[in-house]
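Here is how the chains run, residue by residue.
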Amino acid sequence: MKAVLVLNAGSSSLKFALYPLEASNSGRVAAAPAVSGQVEGIGARPEVSFKTATGERIQEPVVTGGSQAEQHRDALEHVFALLARHNPTVDIVAAGHRIVHGGEHYSAPTRLEESVLRTLDAFVPLAPLHQPHNLRAVRAVAGLMPQVPQVGCFDTAFHRTQPAVAQAFALPRRLSAEGIKRYGFHGLSYDYVARQLPEVVGERARGAVVIAHLGNGASMCALRDGRSVASTMGFTAVEGLMMGTRTGSLDPGVMLYLMEQKGMDAKALTSLLYKESGLLGVSGISQDMRTLLASDAPEAKEAVDLFCYRIARELGSLAAAAGGLDALVFTGGIGEHAAPVREKVAALAAWMGIEVDPAANADHARRIDTAASRVAVAVVPTNEERMIARYTAETLGL
Ligand SMILES: Nc1ncnc2c1ncn2[C@@H]1O[C@H](COP(=O)(O)OP(=O)(O)O)[C@@H](O)[C@H]1O
Ligand SMILES: CC(=O)OP(=O)(O)O
Ligand SMILES: [Mg+2]
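Residues numbered from 1 in each chain as written. Chains lettered and ligands numbered in written order. Predicted model: local features only at pLDDT ≥ 70, side-chain atom pairs only at ≥ 80, totals over all residues. Heavy atoms only, no water.

**Considerations on the overall build of the chain**
- Helix and strand counts for the chain stand at 15 helices and 13 strands.
- Relative to the globule expectation of 21 Å for 398 residues, the C-alpha radius of gyration of the chain, 21 Å, shows essentially globular dimensions.
- Dimensions of the chain, computed from the C-alpha atoms along their principal axes, are close to 55 × 55 × 45 Å.
- Among the 398 residues that make up the chain, the fraction classed as buried is 52%.
- The long-range share in the chain, meaning contacts at least 24 apart out of those at least 6 apart in sequence, stands at 64%.
- Just so you have it, the chain exposes about 17300 Å², and 52% of that area is on carbon and sulfur atoms. (Helix = DSSP H or I, 4+ residues; strand = E, 2+ residues; numbered from the N terminus. Rg over C-alpha atoms; globule rule 2.2 N^0.38 Å. Buried < 20%, exposed > 50% of the residue type's maximum accessible area, 1.4 Å probe, protein only. Contact = heavy atoms within 4.5 Å. Areas by Shrake-Rupley, 256 points an atom, 1.4 Å probe, with all protein chains shown as cover.)

Below you can see the structure in the form of C-alpha cells.
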C-alpha cells in the first residue's frame, strides 16, 4: 500500500497518520487514514495512543526527559518506532507536515527543500512552541527516508485572503513593510472546518461565520463566503484568546513594566507569555481543560470563566469584522469535547441571538442551537491531518 505520512506537531501534541493514496484517482488520498494516533500531554506526561491497521489500540507512556523540546523529540522517535513496528508493508511515498509559520513567503503548500527549511528556521522566534518541532520532524524524516518528498502545509496560509486592514498593526510603515503584521494561525483547521460547513449549516456557510478553534492553542476566525477575513491571532500564536499556557492579548504596557521594574529580559518574558500563563497560570493547577472542569477549586473556575469571557468578547469583535453572524462553530480539543465551555460562551453571547439546546450540547451534536436561535451553532470536529494529506498529494501530483 502506498501512503502519505502526516505529522502535525502542536504545542502539546504530536498527531500522526498514514493516508493511503487512491490508486484510481490521481492527487487524491483516501477519506480515512489506514492508521492514526497522537501523543498527548507534551509538556506534562506524554502518552501515545495509536490505532493500527488491524484496529488494535495501543496506549503507552512516552519515556522522556523534562523539557518541552526533549519531550517533542522523544515523542517523534516513539512514533517512528511504532509505525515501523506495526506497518512494515506500508510504502511511504510522501510526507506532509503542518508548519505553523510560513511568514509572507508561503501562502500555499510547498515542497520542503533544505533552502526552504532555512527560510522557515527564521520564523522559530515567531512560533517558539511549534516551529522548532515542526522543522525537527521534517529533518528527522529526511534523515530516515531521504528519498521521500516532503510538503509543508502552513497554518498562516488560509489567512492570506484577509483584507489589508485586518492584517495591519498601527506601527510605523517601515516596520509593517518588514512583514511585522498579523498573520493568523490554525489555518489548516479552519480550512477543513469551512469545507464541512455547508453540510452542517447549509447556506449560512457562505455568510458571516465565526469558527472558534479551542485546543491547547486557541484562536477564532471570522469568515465570509468560506474565506478568512479576520483572526484573533496575529504576528505570533500568542495574540488573542487565553490558552493552555499562553496569555493571549495583553496590554503591551505590562511587558514594558515587567522589563523596567522587574528586570525581565526577552527569555523570561517568552517563558511567561508562552509557558506560565493562560489556564495554567490563572488556575495554578493545570493547563488541561479536563482537569479544570473536574476541579472544585475556585481558582479552576476562575480560569475557565476567564477563558470563556475572552471568547465571548472576541466573538463580538469578529462579528463586527464579518459584518454580522450567521453561524458560530466550535472545534479543537476543547471546542469539540467541553460542553460546559460551549454553554458558558453561548450564555455570554445570548445578546447576539445565540441560544444553545442543553441536551444537544451535552451530546456534542453537530447542531446545538435551538429552533429559536437567530444564529446557527455547530460543533465540527477538525481534521488537520486530512487537510495535510490532501495538500501533500495535490502538491506532488501523486
Ligand atoms: N473530553 C474533554 N473535555 C474537555 N476538554 C478536553 C477533552 N478532551 C480534550 N480536551 C482538551 O483539549 C485540549 C487539547 O486540544 P488539542 O486541540 O488536542 O490540542 P493542541 O492544541 O495541542 O492540538 C486540552 O486542554 C484538553 O484538556
Ligand atoms: C498555532 C497553535 O497555537 O497551535 P496549537 O493549537 O496546535 O498549539
Ligand atoms: Mg492543535
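**Looking at the UniProt feature "binding site: substrate" (unreviewed entry) in the chain**
- Under the UniProt annotation, the feature "binding site: substrate" (unreviewed entry) is placed at R98.
- With respect to the secondary-structure elements, R98 resides in strand 6 (residues 91-99).
- The class for R98 is buried, based on a relative accessible area of 5%.
- If sequence neighbours within four positions are ignored, R98 has contacts with L7, N8, A9, G10, N134, C153, D155, H186, L188, E384 and I388. (UniProt positions renumbered as here; feature names shortened; annotations may be inferred.)

**A short note on the site of ligand 1**
- Among the 14 residues in the neighbourhood of ligand 1, the closest are listed as S12, S13, N216, D288 and M289.
- A distance of 3.2 Å is found between an oxygen atom of ligand 1 and a side-chain nitrogen or oxygen belonging to K15.
- A distance of 3.4 Å is found between an oxygen atom of ligand 1 and a backbone nitrogen or oxygen belonging to I334.
- A total of 580 Å² of accessible area belongs to ligand 1 in isolation, and the protein chains cover 84% of it.
- Only helix 10 (289-294) and helix 12 (332-337) provide two or more residues apiece to the shell around ligand 1.
- Broken down by element, the residue count for the shell around ligand 1 peaks at three residues, all from helix 12. (Near = heavy atom within 4 Å. Polar contact = N/O pair within 3.5 Å; in protein donor to acceptor, adjacent residues only side chain to side chain.)

**With respect to the nonpolar core**
- Within the largest apolar cluster, 47 residues are counted, with the highest numbers of intra-cluster contacts made by L214, F307, L315, V341 and I354.
- If you list the elements that add at least two residues to this core, you get strand 9 (208-214), strand 10 (218-224), strand 11 (227-231), helix 10, helix 11 (298-322), strand 12 (327-331), helix 13 (339-348) and strand 13 (376-379).
- Among the elements that line this core, the one with the most residues is helix 11, at 10 residues.
- Not counting the four nearest positions on each side in its chain, L214 is found in contact with L241, F307, I311, F330, T331, G332, G333, I334, G335 and V341.
- With 32 residues, the next largest nonpolar core counts A94, L223, V380 and A393 among its residues. (Core = buried A, V, L, I, M, F, W, Y, C linked by side-chain atoms within 4.5 Å.)

**Regarding the packing of helix 1 (residues 68-86) against helix 3 (residues 131-144)**
- Where helix 1 meets helix 3, the axes come as close as 11 Å, and the angle between the chain directions of the two elements is 35°. Considering how the two elements wind past one another, helix 1 and helix 3 form a crossing that is right-handed. Contacts between helix 1 and helix 3 involve Q68, A69, H72, R73, L76 and F80 from the former and H133, R136, A137, A140, V141 and L144 from the latter.
- Classifying every residue of the contact of helix 1 with helix 3 by side-chain character gives seven nonpolar, three polar and two charged. (Axes fitted to C-alpha atoms, helices over the stretch in contact; angles between N-to-C directions. Left-handed = near helix turned anticlockwise from the far one by under 90°. Nonpolar A, V, L, I, M, F, W, Y, C, P; charged D, E, K, R; others polar.)

**Quick word on the domain arrangement of the chain**
- Domain annotation of the chain identifies domain 1 (2-154) and domain 2 (198-379).
- A separation of 26 Å is found between the C-alpha centroids of domain 1 and domain 2.
- At the junction of the two partners, domain 1 supplies nine residues and domain 2 supplies 11 residues.
- Summing the contributions of domain 1 and of domain 2, the shared interface buries around 770 Å²; its carbon and sulfur component is 58%.
- For the domain 1 face of the interface with domain 2, the top three residues by lost area are L126, P128 and L129, together amounting to 50%.
- R290 is the partner of E40 in a salt bridge, and the nearest nitrogen-oxygen pair spans 3.4 Å.
- At the junction of domain 1 and domain 2, the tally comes to four residue pairs in polar contact (both at pLDDT 80 or more). (Domains from an automatic or database assignment. Buried area = accessible area lost by both parts, 1.4 Å probe. Salt bridge = Lys/Arg side-chain N within 4 Å of Asp/Glu carboxyl O.)

**Here's the deal with the site of ligand 2**
- Neighbouring ligand 2 are the residues G10, S11, R98, H130, D155, F185, H186, G217, M233, A237 and R246.
- Along the lines of polarity and charge, the residues of the shell around ligand 2 split into three nonpolar, five polar and three charged.
- In terms of domain composition, the shell around ligand 2 takes at least three residues from each of domain 1 (2-154) and domain 2 (198-379).

**Notes on the sheet that holds strand 13**
- Ordered in space as 11-10-9-12-13, the five strands form an open sheet in which the pairing is mixed. At either margin of the open sheet sits one strand with a lone partner, and together these are strand 11 and strand 13. On average, each strand axis in the sheet is tilted by 25° relative to the strand beside it, whichever way the strands run.
- Along the sheet, helix 6 (residues 187-201) makes contact with strand 9, strand 10, strand 12 and strand 13, crossing strand 9 at roughly 125°. (Pairing = 2+ DSSP bridges.)

**A closer look at the packing of aromatic side chains**
- All told, the structure shown has three aromatic pairs when counted by the stated rule.
- A centroid spacing of 5.6 Å and a plane angle of 35° characterise the contact between F16 and F50, whose relative ring orientation is tilted. Here the residue F16 occupies a position in strand 2 (residues 14-20), and F50 occupies one in strand 4 (residues 47-51), the gap between them amounting to 34 residues. Across this residue pair, the class does not change: F16 and F50 are buried.
- When the centroid spacing of 6.4 Å and the interplanar angle of 35° are considered together, the rings of Y183 and F235 count as tilted. Highlighted residues: Y183 in the loop between helix 5 (173-177) and helix 6 and F235 in the loop between strand 11 and helix 7 (252-262), separated in sequence by 52 residues. (Phe/Tyr/Trp six-rings, centres within 6.5 Å; stacked < 30°, edge-to-face > 60°.)

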